[in-house]
Amino acid sequence: MVKENSEPMDEATKVVDQAREAAVEKVVCPICFEALSDLPNQVGALTFEGRRVETALYHRECVWNPKTQRLIFESETGRAVSPLTRKQVDNFKLMPSLTESNEWVQFLDWNGSGELDVQKVCLAVVALLPVDDAYARKLVLQVLHLEESEGVESHAVSQPEV
């Protein structure tokens, strides 16, 4: 009997999780589903012990309580997990300004690989600027001196290139 009652909840949870994952690809906050570029000075990522834990970007006001200086979904025990990946998190870090190029690139290279995917760079530009995907792509390819071609999506960009 319990299983019957939990199935609709499990399905609803799956739908919400899928919507949040789609939000990351569409450059919207996975909490409020508003464009990240609507509040570019609030765009950032969840962290654990000072390091980003996932690709997703959020609006600070959607995850951080300025009065308590804590994540809004932190439990009474002080533990919090990402609403997307369920990885443990303990803080929020704002995305550096595009003018702080070294810090911005390090923020984007959250897994420490030393390489950035062209599409991820484009998404980060769209998150900060009120431009569409096509313009961001054109700008990124121009800055990186790349030609539009098949396979450019998977072109790995090293940090010095950016």
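Please read all numbers here as calculations on a predicted model, not as lab measurements. (Residues numbered from 1 in each chain as written. Predicted model: local features only at pLDDT ≥ 70, side-chain atom pairs only at ≥ 80, totals over all residues. Heavy atoms only, no water.)

### Observations regarding helix α3 (residues 101-108)
The criterion, for reference: Residue exposure (1.4 Å probe, protein chains only): buried if accessible area is under 20% of the type maximum, exposed if over 50%, otherwise partly exposed. A run of DSSP states H or I qualifies as a helix once it reaches four residues; a run of E qualifies as a strand once it reaches two. Both are numbered from the N-terminal end. Taken from the helix axis, the directions to the C-beta atoms give the arc we talk about. Residues are treated as being in contact if the distance between any of their heavy atoms lies within 4.5 Å.
Listed as buried for α3 are W104, V105, F107 and L108. With its buried residues spanning 160° around the axis, α3 presents them on a single face. Opposite its buried face, α3 presents the exposed residues N102 and Q106, each directed more than 90 degrees away. In this structure, the buried residues of α3 make contact with β1 (43-48), β2 (51-52), β8 (91-94), β9 (115-117) and α4 (118-128).

### Things to note about the pairing of β1
Quick reminder of the rule: Strand pairing follows a simple DSSP-based rule, namely that at least 2 bridges must link the two strands.
Extensive coverage of β1 is indicated by the burial of five of its six residues. Sheet topology places β1 next to strand β3 (residues 58-59); two bridges connect them, and they run antiparallel. Pairing of G44 across the sheet is with Y58, part of β3. Two elements, β1 and β8, share four bridges in a ladder whose sense is antiparallel. Bridged to G44 within β8 is L94. Looking at chain direction, β1 and β2 are connected through two bridges and run antiparallel. Considered in β2, the bridge of T47 is made with R52. In this antiparallel pair of consecutive strands, β1 and β2, the connection spans two residues, and E49 shows a positive phi of 50°.

Any link to function would need more than the numbers given here.
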